[in-house]
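# Per-entry structural report
Read off the chains here:
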Amino acid sequence: MTDTHEEITDASKNVDYDVKPELSKEGTSDDHSESPDPNEEPSDATEEAEGEDDKNGWFENLKAKCLKFYSSFVSKLNPKDKEVLDEVSVDGVVSYIKSGKCKNIITLAGAGISTSAGIPDFRSPQSGLYHNLKKYDLPYPEAIFDIEYFKLNPKPFYVLAKELYPGEFIPTPSHYFVKLLHDKGLLLRHYTQNIDTLEHIAGIPVEKLVEAHGTFRTSHCLKCKKEYSQEWVKDEIFADRIPTCIVCQGVVKPDIVLFREGLPRRFYELSSIDFKHCDLLIIMGTSLTVQPFASLVDNVSASCPRLLINRDDVGLTETRNVFQQLFGGAVRDVVLKGDCDDGCKSLVNKLGWTSDFEALLSGPKS
């Protein structure tokens, strides 16, 4: 941002606000039969017209300089020579990974990578979590994950938590695809919206994970902040009790991020660094509707390829491609539409990693 600000400042210094438009050649043309008398006093209408010409000329001059600066700015932002894919397709992404030039892959994941494990996503019609919350008698579906409602009535959350509790499910092929990227030395970081801890079970190292919406692995009392283990909270939940602090009797909440709560510091600290180094962004199983997670897709460089593996095309991909084509930028968005697991398996096959992938799928679970 500093370089851009300096360019804008320098450009504004070069604008000549006192410039006057050149006299029109039409005023001295032989087509006019009468020449103005130099001794004649200018009329009010003449002065008004000349003043209007001055304003229009100054504006046109300023507009031309602004357009010139903007064109220069966009060309520096998205130069053509920064295109890194041989072709904008799945095969182009595969070729890029195989080339050895791709070394810092970031993956972004949502609930869609866990649905084949039996964990429902949030927004799918009929099968989505929000569609099936009527039995909890909530004022609105999202209330079950709202911190203010949780403080008033934590019971619905813990009834649902018992149904979806981590440890009751096993990782999906999508999780093991991310683990395989790590094993190949290509994973810079895995950012997940999920709280199911399946990344841990798949064996992805903790230092490679950013759990943007928190985790069930630790819990804290809302009053005195005493920490509790996952095992202790699980025992309370499966005994159909609301976890209550043994020190102050406050409600104990897992360290997941509910609506109207801030995201973990780790999310902001690492995202401010990681995306500057990312050379391939893979987005899987997310609707990209929840902020600030959704905005991460725009934090990579203008030339960084972005691969979406999802049932639906999200993130205005086509609009961005059109904009980039209009202004000479790199077209870098690829969509692999369909089930996340199928998409990951397809990539693995194209990359020639099938035997390593099958070994992960059949291996012991952490």
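Keep in mind that this is a model prediction, so the values were computed, not measured. (Residues numbered from 1 in each chain as written. Predicted model: local features only at pLDDT ≥ 70, side-chain atom pairs only at ≥ 80, totals over all residues. Heavy atoms only, no water.)

## Some details on the overall build of the protein
In terms of helices and strands, the protein carries 12 helices and 9 strands. Counting the 366 residues in the protein, one finds 42% classified as buried. Sequence separation of at least 24 residues holds for 72% of the intrachain contacts in the protein that already meet a minimum separation of 6. (Helix = DSSP H or I, 4+ residues; strand = E, 2+ residues; numbered from the N terminus. Buried < 20%, exposed > 50% of the residue type's maximum accessible area, 1.4 Å probe, protein only. Contact = heavy atoms within 4.5 Å.)

## Thoughts on the pattern of salt bridges
If the charged atoms of two oppositely charged side chains come close together, the side chains can form a pair. Within this structure, the stated rule accounts for 13 salt bridges. Here Lys179 ties to Asp183 by a salt bridge, and the two come within 2.8 Å at their closest N and O atoms. Linking Lys179 with Asp183, this pair stays in helix α6 (residues 173-183), spanning 4 residues, or about one helical turn. Note on Lys179: relative accessible area 12%, which makes it buried. Given the relative accessible area of 42%, Asp183 is considered partly exposed. Arg241 is the partner of Glu236 in a salt bridge, and the nearest nitrogen-oxygen pair spans 2.9 Å. (Salt bridge = Lys/Arg side-chain N within 4 Å of Asp/Glu carboxyl O.)

## Thoughts on the pairing of strand β4 (residues 214-221)
Remark: a regular strand shows side chains that alternate across the two faces of the sheet. Where β4 and strand β6 (residues 252-256) come together, 4 bridges link them in antiparallel fashion. Paired with Ser219 across the two strands is Pro254, which belongs to β6. Looking at chain direction, β4 and strand β5 (residues 227-229) are connected through 3 bridges and run antiparallel. The residue bridging His220 from the neighbouring strand is Glu227, located in β5. (Pairing = 2+ DSSP bridges.)

## A closer look at the side chain of Asp341
Tracing the backbone through its elements, the reader meets Asp341 in helix α11 (residues 340-351). Buried charge without a salt bridge: Asp341, with Lys345 as the nearest opposite-charge side chain at an N-O distance of 6.0 Å. What Asp341 contacts, discounting residues up to four positions off in sequence, is Ser116, Thr172, Pro173 and Ser174. (Lys, Arg positive; Asp, Glu negative; His and termini not counted.)

## Let's talk about the sheet that holds β5
An order of β5-β4-β6 is seen for the 3 strands of this open sheet, with the pairing classed as antiparallel. Strand pairing shows two members of the sheet lacking a second neighbour, β5 and β6, which therefore form its edges. Taking each pair of neighbouring strands and ignoring which way they run, the sheet shows an average axis angle of 40°. The sheet contacts of helix α8 (residues 230-238) involve β4, β5 and β6, and relative to β5 the element is tilted by about 75°. (Axes fitted to C-alpha atoms, helices over the stretch in contact; angles between N-to-C directions.)

## A look at helix α9 (residues 265-277)
Considering bend angle alone, the principal kink of α9 is centred on Ser271 and spans about 35°. Buried-residue contacts for α9 involve β1 (105-109), β2 (187-192), β3 (209-211) and β7 (280-284). (Bend = angle between axes of the 7 residues up to and from the residue.)

## Considerations on the side chain of Glu199
Mapped onto the elements of the fold, Glu199 is located in helix α7 (residues 198-202). A distance of 3.1 Å separates polar atoms of two side chains, one belonging to Glu199 and the other to His190. Excluding anything up to four places from it in sequence, Glu199 contacts Ile113, His175, His190, Thr192, Asn194, Ile204 and Leu209. (Polar contact = N/O pair within 3.5 Å; in protein donor to acceptor, adjacent residues only side chain to side chain.)

## Some points on the environment of Ile246
When you line up the elements, Ile246 lands in the loop between α8 and β6. Separated by 20 residues in the primary sequence, Ile246 and Lys226 place their C-alpha atoms 9.2 Å from one another. The contacts of Ile246, once residues within four sequence positions are left out, are Lys226, Tyr228 and Trp232.

## Side note on the sheet that holds β1
Taken in spatial order, the 6 strands of this open sheet run β3-β2-β1-β7-β8-β9, and their pairing is parallel. One side of each edge strand has no neighbouring strand; the edge strands of this open sheet are β3 and β9 (333-337). The mean inter-strand angle of the sheet, taken between neighbouring strand axes irrespective of direction, is 15°. Judged from the 5 bridges that link them, β1 and β7 form a sheet pairing that is parallel. Looking at β7, one finds that Ile105 is bridged to Leu280. Each of β1, β2, β3 and β7 touches α9; the most contacted strand, β2, lies at about 135° to it. Seen against the sheet, α11 touches β7, β8 (306-310) and β9 and runs at an angle of roughly 135° to β8.

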